[in-house]
Amino acid sequence: MSDTTILLAVTEVSRHHDGGAVKALDGVTFEARAGEVLALTGPSGCGKSTLLSLIGLLDQPTFGSVCIAGENLATVRQPANFRLQHIGFVFQFHHMVATMTLLENVAAPLVALGLHRRERRARASEMLAQMDLSARANFLPAKVSGGERQRAAVARALITRPPLLLADEPTGNLDSHNNTLVVELLMAHARAHGALVLIATHNPEIARLADRRLELCDGRLRA
Ligand SMILES: Nc1ncnc2c1ncn2[C@@H]1O[C@H](COP(=O)(O)OP(=O)(O)OP(=O)(O)O)[C@@H](O)[C@H]1O
Ligand SMILES: [Mg+2]
């Protein structure tokens, strides 16, 4: 790829199920640059989560290719390692470890990066402070509100400073104040670190906040 600012290149990507009877994605092509915030929209079942799973190395395309930072994902030998280096994920439901405090949950990805405990805790504390969660750092996920849990999930996704952030309906179960807060935090991260943020959402307000909108319909991108 000649243009080095292209962080993500999705080329003619299809994802079929049941021998082609279900075309969750059908020939999707687009490129995105570092620093952009993209909203992925479209009706339920149009393929948003499928697309994020392919980009996040949680699934593989039936046809076509996905390249991140010039690397074709089909040739990545250690997906877990690649994810750790390049990608942060925020899901609709937080997937926090129930027996760990918010601080421990947020610091967890740094273990795999080989950081020492003191540094991990310092970075996690700072990230929680940015999310206005310092007072909740030592609480278990079950003991905080839904909005606080989701903000902690965002903190956990950002802690490794990923160049690519994938968010699948990150505000699905939040009120509009927390909704906006979560998206503003993701956008601030994109601006501060030159990251690319991809947010799948049904929320028109979030789609409006994004720099660009990709609309899927029956597995295909609308012009
Ligand atoms: N493992 C599977 N087997 C068969 N069909 C599947 C499978 N996974 C997804 N699909 C189908 O692929 C299509 C796209 O699903 P996907 O979850 O990507 O939609 P979505 O846009 O994220 O929807 P929502 O807005 O409801 O989250 C749907 O029709 C879904 O039923
Ligand atoms: Mg989905």
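Everything discussed here concerns the structure shown above.
On a predicted model such as this, the values are computed, not experimentally measured, just so you know.

(A) View of the sheet that holds strand β5 (residues 71–72). If you walk across this open sheet you meet the four strands as β2-β1-β4-β5, and the pairing is antiparallel. Each end of this open sheet is capped by a strand with a single partner; those strands are β2 (22–33) and β5. Here five bridges tie strand β1 (residues 6–17) to strand β4 (residues 63–68), and the two strands are oriented antiparallel to one another. What sits directly across from T11, in β4, is S65.

(B) Representation of helix α1 (residues 48–55) within the structure. The element α1 is extensively covered by neighbouring structure, given that seven of its eight residues are classed as buried. Residues K48, T50, L51, L52, S53, L54 and I55 constitute the buried set of α1.

(C) Structural view of the pairing of strand β8 (residues 196–200). For β8, the buried fraction is high: five of the five residues fall into the buried class. Alternating positions in β8 separate into two faces, L196, L198 and A200 on one and V197 and I199 on the other, with burial throughout. Sheet topology note: the strand β7 (residues 164–168)/β8 ladder contains five bridges and is parallel. Paired with L166 across the strands is L198, a residue of β8.

(D) Quick look at unusual backbone geometry. Non-glycine residue L57 carries a positive phi angle of around 60°. Tracing the chain through its elements places L57 in the loop between α1 and β4. By C-beta crowding, L57 is classed as partly exposed, having 18 other C-beta atoms within 10 Å. In the Ramachandran plot, D218 falls in the positive-phi region, its phi being about 50° despite a non-glycine side chain. Relative to the helices and strands, D218 is located in the loop between β9 (212–217) and β10 (220–221).

(E) Looking closely at the packing of helix α5 (residues 146–158) against helix α6 (residues 176–193). Interhelical geometry of α5 versus α6 gives an angle of 10° and a closest axis separation of 10 Å. Relative to α6, the element α5 lies roughly parallel. Facing α5, whose interface residues are G147, Q150, R151, V154 and L158, α6 presents N178, V182, L185, L186 and H189. Across the contact of α5 with α6, the residue classes break down as five nonpolar, four polar and one charged.

(F) Region of interest: the sheet that holds β8. What the six strands build is an open sheet, ordered β6-β7-β8-β3-β9-β10; its pairing is mixed. The open sheet has two edge strands, β6 (87–90) and β10, and neither has a second partner. Contacting β3 (37–41), β7, β8 and β9, α1 runs over the sheet at an angle of about 150° to β8.

(G) Local environment of the packing of helix α3 (residues 102–112) against α5. In contact at an axis separation of 7 Å, α3 and α5 are set at 25° when each is read in the N-to-C sense. Judged on the interaxial angle alone, α5 and α3 are roughly parallel. The handedness of the crossing between α3 and α5 comes out as right-handed. Here L102, N105, V106 and P109 of α3 come into contact with α5, specifically with A152, A155 and R156.

(H) Layout of the site of ligand 1. Around ligand 1 sit H17, D18, V22, A24, S44, G45, C46, G47, K48, S49 and T50, and that is every residue in its neighbourhood. Put simply, the parts of the chain that give the shell around ligand 1 at least two residues each are β2 and α1. Of the residues forming the shell around ligand 1, the biggest block, three residues, is contributed by α1. Residues that form the shell around ligand 1 fall into these classes: three nonpolar, six polar and two charged.

Rules behind the numbers
- Residues numbered from 1 in each chain as written.
- Chains lettered and ligands numbered in written order.
- Predicted model: local features only at pLDDT ≥ 70, side-chain atom pairs only at ≥ 80, totals over all residues.
- Pairing = 2+ DSSP bridges.
- Helix = DSSP H or I, 4+ residues; strand = E, 2+ residues; numbered from the N terminus.
- Buried ≥ 20, exposed ≤ 12 C-beta atoms within 10 Å, placed from the backbone.
- Axes fitted to C-alpha atoms, helices over the stretch in contact; angles between N-to-C directions.
- Parallel < 35°, antiparallel > 145°, perpendicular 65-115°, else oblique.
- Contact = placed C-beta atoms within 7 Å.
- Nonpolar A, V, L, I, M, F, W, Y, C, P; charged D, E, K, R; others polar.
- Left-handed = near helix turned anticlockwise from the far one by under 90°.
- Near = placed C-beta within 6 Å.

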